[in-house]
Amino acid sequence: VLNGSKIFISNGGVSKVAIVWAQTDREAKHKGITAFIVETDTPGFIVGAEEKKLGIRGSNTVELHFENCRVPKENILGQVGEGFKIAMQTLDGGRIGVAAQAVGIGQACIDASVKYAHERHAFGKTLADIEAIQFKIADMAMEVQASRLLTYHAAWMKDQGVRFSKEAATAKLHASEAANKAAFQAVQIHGGYGYLRDFPVERLYRDARITEIYEGTSEIQRLVISAAALKEGQPAGG
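Not measured: the values here are computed from a predicted model.

1. Quick look at the packing of aromatic side chains
So, step 1. As enumerated under the stated definition, the model contains 3 aromatic pairs in all.
So, step 2. Ring geometry for Phe 45 versus Phe 66: centroids 5.3 Å apart, planes at 90°, classification edge-to-face. On the criterion of sequence distance, the pair formed by Phe 45 in strand S4 (residues 45-50) and Phe 66 in strand S5 (residues 61-69) is long-range, its members being 21 residues apart.
So, step 3. According to the relative accessible area criterion, Phe 45 is buried, its value standing at 9%.
So, step 4. Overall, the relative accessible area of 8% leaves Phe 66 in the buried class.
So, step 5. Centre to centre, the rings of Tyr 116 and Phe 199 are 5.9 Å apart; their planes meet at 90°, and the pair counts as edge-to-face. With Tyr 116 in helix H1 (residues 83-119) and Phe 199 in the loop between helix H3 (165-190) and helix H4 (200-209), this pair connects stretches of sequence that are 83 residues apart.

Structural data, given as structure tokens:
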């Protein structure tokens, strides 16, 4: 019987099935968490109001409430007490997904900026002929391509069936920060037009921001990366 609530659930208002992590043994702390598969039409499963977000507005985000929500034993995902392990494995894979999302946003910023730079004339030439604009686009292209390769590498590591926590965190951190930089510069290249909803970079600027927050903030990614790097570099027997 599940009781409690959870905020910021992506697609929680439209999904037919939810995976729910619940504390089944409080004394065991993280080893007392179990994952359940819960159909959203189960009595006691309540969907809260949809959040009004800065970006990714095409994705439904809600709060979920559980009031004496009875779930059958066969709906346990994995084994009792394995929930935390399952969550961490899911999180690593999710970080690759967010990295890929950030790469897409960054590439869209480049595409929009290149198109606009060729079309917009200023001081008797196109923006594409101005060195300051060229430098911005060069930096965007370099950072996004590096993000793409880090993301491919993390995905390849996952496919090999080896531990990829550090690689996923690295890809997610680099790609999300690169996407935000690219979105900032894309708006700058567009000038006043970049601030209008008539042009795509206004949306890209808003959508990019979440990639540094969900599936673990940039600060969390740095903790994961540093912990792995420090462990790898630890002297034998240290």
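2. Some remarks on the sheet that holds strand S2 (residues 17-23)
So, step 1. Strand order in this open sheet of 3 strands is S2-S3-S6, and the pairing throughout is antiparallel. With partners counted over all chains shown, the strands left at the sheet margins are S2 and strand S6 (76-77), one partner each.
So, step 2. Across 2 bridges, the pairing between strand S3 (residues 33-39) and S6 is antiparallel. Paired with Ala 35 across the two strands is Leu 77, which belongs to S6.

3. Comments concerning the nonpolar core
So, step 1. Residues Ile 105, Cys 109, Leu 127, Ile 133, Met 140, Ile 189 and Val 201 are the most contacted members of the largest nonpolar core, which totals 31 residues.
So, step 2. Among the secondary structure elements, those contributing two or more residues to this core are H1, helix H2 (131-159), H3 and H4.
So, step 3. Looking at this core element by element, the count peaks at 10 residues for H1.
So, step 4. Apart from residues lying up to four places away in sequence, Ile 189 is in contact with Ser 113, Tyr 116, Leu 127, Ile 133, Lys 136, Ile 137 and Met 140.
So, step 5. Membership of the second largest hydrophobic core comes to 13 residues, among which are Val 20, Leu 64, Cys 69 and Val 71.

4. Considerations on unusual backbone geometry
As a rule of thumb, non-glycine residues mostly have phi less than zero, and peptide bonds are mostly trans rather than cis.
So, step 1. One non-glycine residue, Phe 8, lies in positive phi territory at about 60°.
So, step 2. Inspection of the secondary structure assignment puts Phe 8 in strand S1 (residues 2-10).

5. Concerning H4
So, step 1. Looking only at H4, the buried set comprises Val 201, Glu 202, Leu 204, Arg 206, Asp 207 and Ala 208.
So, step 2. Elements that come into contact with the buried residues of H4 comprise H1 and H3.

The rules we used
- Residues numbered from 1 in each chain as written.
- Predicted model: local features only at pLDDT ≥ 70, side-chain atom pairs only at ≥ 80, totals over all residues.
- Heavy atoms only, no water.
- Phe/Tyr/Trp six-rings, centres within 6.5 Å; stacked < 30°, edge-to-face > 60°.
- Helix = DSSP H or I, 4+ residues; strand = E, 2+ residues; numbered from the N terminus.
- Buried < 20%, exposed > 50% of the residue type's maximum accessible area, 1.4 Å probe, protein only.
- Pairing = 2+ DSSP bridges.
- Core = buried A, V, L, I, M, F, W, Y, C linked by side-chain atoms within 4.5 Å.
- Contact = heavy atoms within 4.5 Å.

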